[in-house]
Amino acid sequence: MNNNESVSNVSNVSNVLEVINVSENDTMNTATEDTYINEGDRFGSDLEKATKVRRETAEILKKTADILMQSEIAGENSSGKLGFEQDIVYLNSVRENLLQGVFRLLVLGDMKRGKSTLLNAIIGEKILPTGVNPCTAVLTVVRYGENKQVIIHFNDDKQPEAMDFDSFKERYTIPPDEAKKLEEEGIAAFPDVEYAVIEYPLDILEKGVELIDSPGLNDTESRNNLTLGYINNCHAILFVLSATQPCTQAERRYLENYIHDKELATFFLINNWDLIGQKIEDEDELPEAENKIRQVFQSNLSPYCQNNGRNLYEQRVFELNSLAAFKARTKKPSGSLAGTGFDKFFSVLRPFLTQKRIIAELLNVKGLVRQIYHQVHEAVEIRITLLDTGAEELKQKIQEVQPEFNQLVEIRDGFKNEIRTKSERYANELADDFCNYLSNLDSTFETDFAPYQPDLKVFDLLKGGKRKEFQENLEKSFNQYSNDKIANWTKTAEQKLKEAFSQIAQSAENYGDAYTQVTDKIYAKLNEQKIETGTVSSEERTPGWTRWAGAAAGIFLGNPAGAALVGFGALDWKSLIGQFLTAVGANIFLLYSGGAFLGPIGIALAGFLAGAVQLRLARNKLVKLTKEKMKESLPNVAKAEKIKIYNFVKEIFNNFEQEVTQRIDSDISYRKVELQELLDQKESQEIDKIAEASRLNTLNQEIMVQWKAIEAITDKLLEQTV
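Residues numbered from 1 in each chain as written. Predicted model: local features only at pLDDT ≥ 70, side-chain atom pairs only at ≥ 80, totals over all residues. Heavy atoms only, no water.

Asks: Just give me the short version of the packing of aromatic side chains, but keep the residues and values in it.
Replies: Per the counting criterion, the structure on display carries 21 aromatic pairs. An aromatic cluster is defined as three or more aromatic residues linked by ring pairs; in this entry it consists of F267, F318, F342, F345, F346 and F352. Over the ring of F154 we find K158, and its NZ or CZ is 4.2 Å from the ring centre. A cation sits over an aromatic face here: K708 above W707, 4.5 Å from the ring centre. (Phe/Tyr/Trp six-rings, centres within 6.5 Å; stacked < 30°, edge-to-face > 60°. Lys NZ or Arg CZ within 6 Å of the ring centre and 35° of its normal.)

This is the structure we're talking about:
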């Protein structure tokens with residue numbers, strides 16, 4: 001490929017990028033009504049362009065992998081392979097991750113918040129029924145599909161079942177009031193269903209938008225396990241509230257337990273803003289009523305809109321009229337979104353998805369291809385230099401660099417040992433923390449449980465022999481208390497794991513620098529000259545395994561931008577942390593919140609109230625009995641669960657260690673293979689040195705072209721967002 005072809009390649013790539021030139025701040029500051037008229041259409045258009053950028057980038061990665069593969073095949077009949085098999089696998093993996101990448105939005109909110117209408121407004125078509133919502137009791141994923149269908153996934157060995165929309169509504173819809181009652185009681189409406197997938201052939205879904213609708217906010221073990229997995233793997237959360245019910249206790253609890261400190265962008269969508277006017281008699285009082293409601297939301301939501309000292313409330317909280325927006329979006333042509341709140345919402349969501357996330361992904365991919373080019377360039381230089389070296393002399397050179405290869409193994413082992421040391425330390429710390437935390441809950445129970453206690457009127461039920469209803473309310477309150485306590489400890493655990501992987505990322509960088517110094521020595525001995533580093537950045541010379549380790553650690557640190565480099569499997573590590581801790585918590589409290597624990601307390605209280613004792617004394621008796629039972633039971637429960645925490649944390653670190661070790665071994669192997677392949681070829685046949693040097697220089701040029709093409713895409717995007 002010549003230079004003209006290189007310029008053409010880069011030029012063709014940049015044609016994809018006639019997009020996205022309004023930053024979030026610019027949009028918020030300069031918007032007018034005309035700007036918002038087609039904001040929904042702009043949203044879809046920019047998603048399409050962002051998808052094209054992804055596809056174009058993926059195609060460049062494919063070309064890069066193909067070039068390396070063709071070179072390895074050609075090398076078998078000339079001077080031998082250069083050992084790029086693992087890089088080829090890596091490039092293809094990153095390519096697949098880019099092509100499969102979606103803009104995943106998790107929709108959270110309590111029932112009767114108008115989530116279905118809101119989702120239909122975002123999509124621009126009525127997919128989810130409104131009124132009676134079939135998604136109230138089933139977590140639902142809305143994604144692209146060529147056929148309109150619903151696929152039910154079960155939580156046992158039963159195969160997924162596909163059905164049409166009418167069948168889904170008929171079989172899996174229950175009235176909202178019934179769904180709410182079941183949720184409050186912690187009973188699944190459809191216990192055998194894990195989640196449902198709605199597939200629909202819509203443009204906005206084909207462009208990569210995936211919406212996950214999580215039903216309700218009540219905390220149950222199965223729901224938390226599934227929802228937390230999506231929270232840790234989504235790109236933004238859309239938290240739906242209602243202007244007619246500002247920030248309920250359940251909403252505040254969920255935000256504090258599961259959203260706070262997650263380092264995820266959360267957009268708060270205050271639905272039904274248009275209904276405020278129905279609550280007042282005099283229209284002149286509407287502005288004052290709206291301001292009072294705004295103050296309630298601002299007071300409750302501001303803590304969740306802070307980012308590095310910046311208050312992003314105006315860019316994260318939106319007052320919406322979903323029904324009006326839905327009607328506007330389904331008009332042909334689309335109507336204006338002005339006055340619905342969706343104009344402002346789309347103007348912020350659009351650059352968030354189509355600019356910031358794409359740029360973060362491409363910067364990582366750009367670094368990957370640049371680093372591969374540096375590897376190719378170094379390998380080509382060494383190979384061309386050694387073409388004139390005889391077989392015996394080459395054997396001698398290989399022996400001379402063996403001490404350096406031993407040093408690379410020592411660096412690998414040093415990094416492995418550091419990971420293992422941190423693994424043991426943090427596994428023990430977290431296990432001990434959990435054991436101590438659980439064992440001492442009784443010491444603050446009187447104060448902590450006060451906000452959760454059932455309404456005092458519930459005790460009257462005991463006089464009529466209705467202990468079952470009292471038992472249900474007591475268990476519900478205790479489950480809420482226990483979930484909140486475990487969620488609080490989970491935050492501490494996540495912070496410790498972030499601390500651990502932050503240290504590991506720094507260690508990877510340090511070991512990577514030492515590794516590079518040794519590979520430079522190998523290069524100098526083989527080339528009989530010191531490697532020139534003046535025009536090569538430290539990032540370009542960073543070993544591939546160091547980049548992977550940093551990206552994988554970054555996921556634990558709340559930075560999912562490196563997910564394409566790491567692979568989706570690594571993302572599951574972070575999901576498993578939250579899922580496991582939630583499950584452990586639920587299991588622990590089941591041990592002493594069932595009939596064996598709360599039952600006797602209820603019976604004791606029944607006798608206690610038989611003499612018409614004051615309700616205040618009954619409350620004190622309840623707390624005292626519960627505290628005594630906790631003090632008796634919790635230490636044993638904590639000891640039994642401690643080993644589970646320890647083993648799970650160890651498993652996380654072990655997975656990381658195995659993956660990074662494999663990558664280091666692969667890097668060492670490719671360097672050895674490169675030399676051994678050349679030696680084998682020299683001993684078995686005559687090599688056409690001129691033709692081989694030409695082939696290798698062409699390889700170097702072709703990989704550089706792909707690197708420049710990636711740079712052209714990334715630099716163009718960066719210019720448009722400045």
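Asks: Before we move on, could you go through the pattern of salt bridges and cite the residues and values that matter?
Replies: Evaluation of the coordinates by the stated rule reveals 36 salt bridges. Across the pair E210 and R104 runs a salt bridge, and its minimum N-O distance is 3.0 Å. Placement of the pair is E210 in strand 6 (residues 209-213) and R104 in strand 1 (residues 103-109), with a sequence separation of 106 residues. Note that E446 and K627 form a salt bridge whose closest N and O atoms lie 3.1 Å from each other. Taken together, the residues span a long stretch of sequence, with E446 in helix 18 (residues 445-449) and K627 in helix 25 (residues 615-684) at a distance of 181 residues. (Salt bridge = Lys/Arg side-chain N within 4 Å of Asp/Glu carboxyl O. Helix = DSSP H or I, 4+ residues; strand = E, 2+ residues; numbered from the N terminus.)

Asks: An account of helix 12 (residues 286-301) is needed here, citing residue identities and associated values.
Replies: Under the 1.5 Å per step criterion, the end-to-end length of helix 12 is 22 Å for 16 residues, consistent within 8% with the ideal 22 Å. Looking only at helix 12, the buried set comprises A289, E290, I293, F297 and L301. Down the axis of helix 12, the buried side of the element spans an arc of 95°, and every buried residue falls inside it. In helix 12, the exposed positions angled more than 90 degrees off the buried face are occupied by Q295 and S299. On its buried side, helix 12 packs onto strand 7 (236-242), helix 11 (249-259), strand 8 (266-271), helix 13 (313-316) and strand 11 (317-319). (Expected span 1.5 Å × (residues − 1). Buried < 20%, exposed > 50% of the residue type's maximum accessible area, 1.4 Å probe, protein only. Arc of directions from axis to C-beta. Contact = heavy atoms within 4.5 Å.)

Asks: Pulling in residues and values, what's your account of the sheet that holds strand 4 (residues 161-163)?
Replies: Two strands in a sheet stick together by hydrogen bonds in their backbones, pointing the same way (parallel) or opposite ways (antiparallel). An order of 4-3-5-2-6-1-7-8-11 is seen for the 9 strands of this open sheet, with the pairing classed as mixed. A strand with exactly one partner marks an edge of an open sheet, and here the two such strands are strand 4 and strand 11. Strand-to-strand twist in this sheet, taken as the mean axis angle between neighbours without regard to direction, amounts to 20°. In terms of strand pairing, strand 2 (residues 140-144) meets strand 6 through 3 bridges, oriented antiparallel. Paired with T140 across the two strands is D213, which belongs to strand 6. Of the strands in this sheet, strand 7, strand 8 and strand 11 touch helix 12, which is tilted by about 145° from strand 7. (Pairing = 2+ DSSP bridges. Axes fitted to C-alpha atoms, helices over the stretch in contact; angles between N-to-C directions.)

The quantities given are spatial measurements derived from coordinates; they are silent on function.
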